[in-house]
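Descriptive analysis of the structure
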Amino acid sequence: MPYLNITTNQEVKDKTQFIKKTSETVAKASGKPESYVMIVLNDNANMSFGGSDAPAAMLDYRALGLPGDRQAFSDTLCTLISENLKVEGGRIYISMTDSERQNWGWNHSTF
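Because the structure is a prediction, the values reported are computed rather than measured. (Residues numbered from 1 in each chain as written. Predicted model: local features only at pLDDT ≥ 70, side-chain atom pairs only at ≥ 80, totals over all residues. Heavy atoms only, no water.)

Topic: the layout of surface pockets
Each pocket or cavity is described by its volume, and for the largest pocket that value is around 150 Å³. Together, Met-1, Pro-2, Tyr-3, Tyr-36, Met-38, Trp-104, Gly-105, Trp-106 and Phe-111 line the largest pocket. Grouping the constituent residues of the lining of the largest pocket by class yields eight nonpolar, one polar and no charged. (1 Å grid on protein atoms, 1.4 Å probe; cavity = no way out; pocket = protein on both sides within 12 Å on 5 of 7 lines; lining within 4 Å. Points joined across faces, edges and corners; volume = space filled by probe spheres on them. Nonpolar A, V, L, I, M, F, W, Y, C, P; charged D, E, K, R; others polar.)

Right, dumping it as structure tokens:
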């Protein structure tokens, strides 16, 4: 149920390794089982942040329940992106959405 969509104007060379590392990080930081974590990566996107095309990223995180310490969660995700994609924290936005169970479909039903 944790879903993280990453859009960046950076190129990710080893997408498989980056997605694997991101999945592990999200599972640990969210306290949710990795078996439910979904990661989507959109790299090489045409992006502008503050009128500049310098390295940037937009992260869209959705789950059934958000981590209690959202500041620590934000720090974890920003660190992951900064270290792996060379995007400064000030050029990363993170949207966090707490979804209601009846609005989250899975396996022909909802949670």
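Quick word on the packing of helix 1 (residues 15-30) against helix 2 (residues 70-85)
In contact at an axis separation of 10 Å, helix 1 and helix 2 are set at 165 degrees when each is read in the N-to-C sense. As far as their axial angle goes, helix 2 and helix 1 are roughly antiparallel. In this structure, helix 1 crosses over helix 2, and the sense of that crossing is right-handed. Here helix 1 contributes Phe-18, Lys-21, Thr-22, Thr-25, Val-26, Ala-29 and Ser-30 to the contact with helix 2, which in turn contributes Phe-73, Thr-76, Leu-77, Leu-80, Ile-81, Asn-84 and Leu-85. Partitioned by chemical class, the residues of the contact of helix 1 with helix 2 number eight nonpolar, five polar and one charged. (Axes fitted to C-alpha atoms, helices over the stretch in contact; angles between N-to-C directions. Helix = DSSP H or I, 4+ residues; strand = E, 2+ residues; numbered from the N terminus. Parallel < 35°, antiparallel > 145°, perpendicular 65-115°, else oblique. Left-handed = near helix turned anticlockwise from the far one by under 90°. Contact = heavy atoms within 4.5 Å.)

A word on the pattern of salt bridges
Overall, the coordinates contain four salt bridges when judged by the stated rule. With a closest N to O distance of 3.0 Å, Lys-15 and Asp-43 form a salt bridge. Of the two residues, Lys-15 sits in helix 1 while Asp-43 sits in the loop between strand 2 (38-42) and strand 3 (57-63), which places them 28 residues apart along the sequence. Residue Lys-15 is classed as partly exposed on the basis of its relative accessible area, which comes to 36%. Close ionic contact of Lys-20 with Glu-24 constitutes a salt bridge, the shortest N to O distance being 2.7 Å. In this pair, Lys-20 and Glu-24 both sit in helix 1, four residues apart, roughly one turn of the helix. (Salt bridge = Lys/Arg side-chain N within 4 Å of Asp/Glu carboxyl O. Buried < 20%, exposed > 50% of the residue type's maximum accessible area, 1.4 Å probe, protein only.)

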